Amino acid sequence: MKEQKWNELPEGVIIPEGGNSQGSYIVAGWRTFKPVVNLDKCIHCMTCWIMCPDNAIEAKGGKMIGFDYEACKGCGVCAEVCPVKVIDMVKEER
Amino acid sequence: MKVALETNQLIALAMKQIEPHVVAAYPITPSTEVVQEFSQYVANGDVRTEFVPVESEHSAMSACLAASLSGARVMTATASQGLAFMWEMLHIAAASRAPIVTIVANRALSAPINIHGDHADSMGARDTGWLQLWAETAQEAYDNTIQAIKIAEDPRVRFPMLVNYDGFTTSHAVETVEILEDDQVRNFIGSIPKPQYSLLDTEHPTSFGVLALQDYYMEFRKAQAEAYKNVKDVVLEVADAYAKLTGRKYGILEDYKLDDADVVLVAMNSAAGTAKDTVDALRKEGKKVGVLKIRLFRPFPVEEIREALKNAKAVAVMDRAYTFGGPAGPLFEEVATAMVNQNQKPLLGDFVTGLGGRDITTDEIKQIFDTGYKALEKGAFEPLVNWVGVRE
Ligand code: SF4
Ligand code: SF4
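An account of the accompanying structure is given in this report. For clarity, every value in this text was computed on a predicted model and none was experimentally measured. (Residues numbered from 1 in each chain as written. Chains lettered and ligands numbered in written order. Predicted model: local features only at pLDDT ≥ 70, side-chain atom pairs only at ≥ 80, totals over all residues. Heavy atoms only, no water.)

### Some details on the overall build of chain A
Now for step 1: A tally of helices and strands in chain A yields 2 helices and 5 strands.
Now for step 2: The helix and strand sequence of chain A, counted from the amino end, reads β-β-α-β-β-α-β.
Now for step 3: For 94 residues, the compact-globule estimate of 2.2 N^0.38 gives 12 Å, and chain A exceeds it by more than 25% at 16 Å.
Now for step 4: A principal-axis box enclosing the C-alpha atoms of chain A has dimensions of 50 × 35 × 20 Å.
Now for step 5: For chain A, the residues scored as buried account for 33% of the 94 residues in total.
Now for step 6: Partitioning the contacts of chain A with sequence separation of at least 6, the portion at a separation of at least 24 is 65%. (Helix = DSSP H or I, 4+ residues; strand = E, 2+ residues; numbered from the N terminus. Rg over C-alpha atoms; globule rule 2.2 N^0.38 Å. Buried < 20%, exposed > 50% of the residue type's maximum accessible area, 1.4 Å probe, protein only. Contact = heavy atoms within 4.5 Å.)

### Remarks on the overall build of chain B
Now for step 1: Summing up its helical and strand segments, chain B has 14 helices and 16 strands in all.
Now for step 2: The C-alpha radius of gyration of chain B comes to 21 Å, within 12% of the 21 Å expected for a compact globule of 392 residues.
Now for step 3: Structurally, chain B occupies a C-alpha span of about 70 × 55 × 45 Å along its principal axes.
Now for step 4: The contacts in chain B between residues at least 6 apart in sequence include a share of 80% that link residues at least 24 apart.
Now for step 5: If you sum the accessible surface of chain B, you get close to 16200 Å²; carbon and sulfur atoms cover 52% of it. (Areas by Shrake-Rupley, 256 points an atom, 1.4 Å probe, with all protein chains shown as cover.)

### A few points about the nonpolar core
Residue and element names in this part refer to chain B.
Now for step 1: Tyr142, Ile146, Leu292, Ile294, Ile305, Leu331 and Val335 are the most contacted members of the largest nonpolar core, which has 107 residues in total.
Now for step 2: Among the elements that take part in this core, helix H7 (residues 138-153) stands out by supplying 8 residues, more than any other.
Now for step 3: Each of two domains, domain 1 (2-245) and domain 2 (255-387), supplies a minimum of three residues to this core.
Now for step 4: Setting aside chain neighbours within four positions, we find Leu331 in contact with Val266, Met268, Ile294, Phe297, Phe300, Val317, Met318 and Asp319.
Now for step 5: Listed in part, the 22 residues of the second largest apolar core include Val263, Leu282, Val291 and Met318. (Core = buried A, V, L, I, M, F, W, Y, C linked by side-chain atoms within 4.5 Å. Domains from an automatic or database assignment.)

### Things to note about the side chain of His119(B)
Now for step 1: Tracing the backbone shows His119(B) in the loop between strand E5 (101-106) and helix H6 (120-124).
Now for step 2: For His119(B), a relative accessible area of 4% corresponds to the buried category.

### Some details on the site of ligand 1
Now for step 1: Residues in contact with ligand 1 amount to 13 residues; listed here are only the nearest, Cys52(A), Cys72(A), Cys75(A), Gly76(A) and Cys78(A).
Now for step 2: Here the residues of the shell around ligand 1 sort into 10 nonpolar, 2 polar and 1 charged. (Near = heavy atom within 4 Å. Nonpolar A, V, L, I, M, F, W, Y, C, P; charged D, E, K, R; others polar.)

### Focus: the sheet that holds strand E11 (residues 263-267) of chain B
Residue and element names in this part refer to chain B.
Now for step 1: The sheet built from 6 strands is open, its strands ordered E10-E12-E11-E14-E15-E16 with mixed pairing. For this open sheet the edge positions go to strand E10 (253-256) and strand E16 (385-387), each flanked by a neighbour on one side alone. Each strand axis lies, on average, 20° off the axis of its neighbour in the sheet, ignoring direction.
Now for step 2: Of the pairings in the sheet, the one linking E10 to strand E12 (residues 289-294) comprises 4 bridges and is antiparallel in character. By the bridge assignment for E12, Asp255 is matched with Leu292.
Now for step 3: Sheet contacts for helix H11 (residues 271-284): E10, E11, E12 and strand E14 (314-319); angle to E12, the most-contacted strand, approximately 165°.
Now for step 4: Together, E11, E12, E14 and strand E15 (347-352) form the strand contacts of helix H13 (residues 330-339), whose direction differs from that of E14 by roughly 145°. (Pairing = 2+ DSSP bridges. Axes fitted to C-alpha atoms, helices over the stretch in contact; angles between N-to-C directions.)

### Description of the interface of chain A and chain B
Now for step 1: In this assembly, 18 residues from chain A lie in contact with 22 residues from chain B.
Now for step 2: The contact between chain A and chain B buries some 1800 Å² in all, and 64% of this surface belongs to carbon and sulfur atoms.
Now for step 3: The tally of links between chain A and chain B comes to 2 salt bridges.
Now for step 4: Across the pair Glu11(A) and Arg158(B) runs a salt bridge, and its minimum N-O distance is 2.7 Å.
Now for step 5: On the surface where chain A and chain B come into contact, there are 4 residue pairs in polar contact (both at pLDDT 80 or more).
Now for step 6: Counted by class, the side of chain A that touches chain B contains 8 nonpolar, 5 polar and 5 charged residues.
Now for step 7: Pairing of strand E1 (residues 14-15) of chain A with strand E9 (residues 207-208) of chain B, which is carried by 2 bridges, proceeds in the antiparallel orientation. What sits directly across from Ile15(A), in E9(B), is Ser207(B). (Buried area = accessible area lost by both parts, 1.4 Å probe. Salt bridge = Lys/Arg side-chain N within 4 Å of Asp/Glu carboxyl O. Polar contact = N/O pair within 3.5 Å; in protein donor to acceptor, adjacent residues only side chain to side chain.)

### Details of the pattern of salt bridges
Now for step 1: Per the stated rule, a full pass over the model turns up 29 salt bridges over all chains.
Now for step 2: The residue Arg31(A) makes a salt bridge to Glu92(A) at a minimum N-O spacing of 2.5 Å. With Arg31(A) in the loop between E1 and strand E2 (33-37) and Glu92(A) in the segment after strand E5 (87-91), this pair connects stretches of sequence that are 61 residues apart. An identical accessibility class is assigned to Arg31(A) and Glu92(A); each is buried.
Now for step 3: Among the salt bridges present, the one from Glu136(B) reaches Lys276(B), with a minimum N-O distance of 2.7 Å. Placement of the pair is Glu136(B) in the loop between strand E6 (131-134) and H7 and Lys276(B) in helix H11, with a sequence separation of 140 residues. Of the two residues, Glu136(B) and Lys276(B), neither departs from the other in class, the shared state being buried.

### What to know about the packing of aromatic side chains
All names here are of chain B.
Now for step 1: Evaluation of the coordinates by the stated rule reveals 8 aromatic pairs over all chains.
Now for step 2: Both rings, one in Trp134 and one in Phe297, keep their centres 6.3 Å apart while their planes meet at 75°; by these two values the pair is edge-to-face. With Trp134 in strand E6 and Phe297 in strand E13 (residues 296-298), this residue pair connects regions lying 163 residues apart in the sequence.
Now for step 3: Relative accessible area serves as the criterion here: at 0%, Phe297 is assigned to the buried category.
Now for step 4: Their ring planes at 70° and their centres at 5.3 Å tell us that Phe188 and Tyr242 sit as a pair that is edge-to-face. Residue Phe188 is found in helix H8 (residues 182-189), and its partner Tyr242 is found in helix H10 (residues 231-246); the two are separated by 54 residues along the sequence. No difference in accessibility class separates Phe188 from Tyr242, as the two residues are buried. (Phe/Tyr/Trp six-rings, centres within 6.5 Å; stacked < 30°, edge-to-face > 60°.)

### Let's talk about the sheet that holds strand E7 (residues 161-166) of chain B
Residues and elements named next belong to chain B.
Now for step 1: The strand order E3-E2-E4-E5-E7-E6-E13 describes an open sheet built from 7 strands, whose pairing is mixed. Both outer strands of the open sheet, strand E3 (50-53) and E13, are each paired with one neighbouring strand and no more. Neighbour to neighbour, the strand axes of the sheet diverge by 20° on average, direction disregarded.

Take a look at the structure:
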């Protein structure tokens, strides 16, 4: 992506689109724990998708399919809110 | 129409006439009555404003910011510690281009605790990016409040603005002022221009409060710095339109007997009135003295200051605040920076006066002018910074 000059930016401190963290900043390195889902037991209620602060829950056809591990910071919100507790926070191996 | 009101009540009345969509405020001396009277208008159903009674000034400014970014017309009022407590959000509001108008009855900062007139609060906010208008009288405070809405919300500006007047000396003084009819005010300010991006515009999702690191932060800040260049033109346009409506003409600065003045005093807010009276008295003694009053302090009117001071031989800057550990008071530093590369420049001296509400008397102002004349003989203001009216 070509970097914009100061006079090409929109007014104020905004980005004129939503969900733009994907692909621009890779935050995988911030994680201590990473979420892992057991899709066999997931009821696809999409609570995690709503609550994830970083749009890191991947969904397709109205179903939860996994995580965008470049955008996920490992905050654990998804595991906390999941009503059937099918997300585990697993220690990152580095 | 003429009314005699305490300035704070008058400003609450101006706010009623403006009828902002949202006012989020936490009352603090000496601007308490602005919030108190305005909330009464809300309670009585005189205005349709959404009044948000928050638990702190930090929250007041946060609520104002969110409301403003959703496209609402937003006002608040504060002073001193209250403005200081808003500090974090002040920066965000300016950078986010949220045209909030905040009334400030200028008051000293702690410690020691003091509730009286002093410019430390708004001078402390001088690097936040907020525009600032300053007023000598109740009439100017009223007129500035109405003009501030139109300046701040102008699509060429879209910056928040502080409307300043001295705590107690002005805020609690009763003055007879000329006010407009409600519909004259509303026609003058019009409705707030729709912002291009807004928090509530669900058709065009936009990210607010974004992160920008080494790759973008400087570009955002440069864009903000450049945007102040439009402000002075808008201030003058709004002043012209206001003069047509009211007959009261405002500029960026106000010159008082400057044309042939050898010694000039630079003043802000109520002390400018005392300074003008002193100039009248000294002129009778044949002294060529004048006053330069600063109405628009942010953005700082560099070219206008240079032009106004081009014939002066000695300039005494009156600071009602101090930059601790710095070279001088804040107003002096700004005036000196404006003059620094001029080939012909007057001698410059700084006079710290009236801190914490201490009276600024005509005798003290005479003393400052005397020091200006002495500097002309000696070829310099020595010392550079003088504390006037302090017990030694
Ligand atoms: S751990 Fe946090 S960031 Fe990662 S997917 Fe869950 S909620 Fe989103
Ligand atoms: S909250 Fe749990 S059950 Fe609901 S979609 Fe997410 S992982 Fe599946």
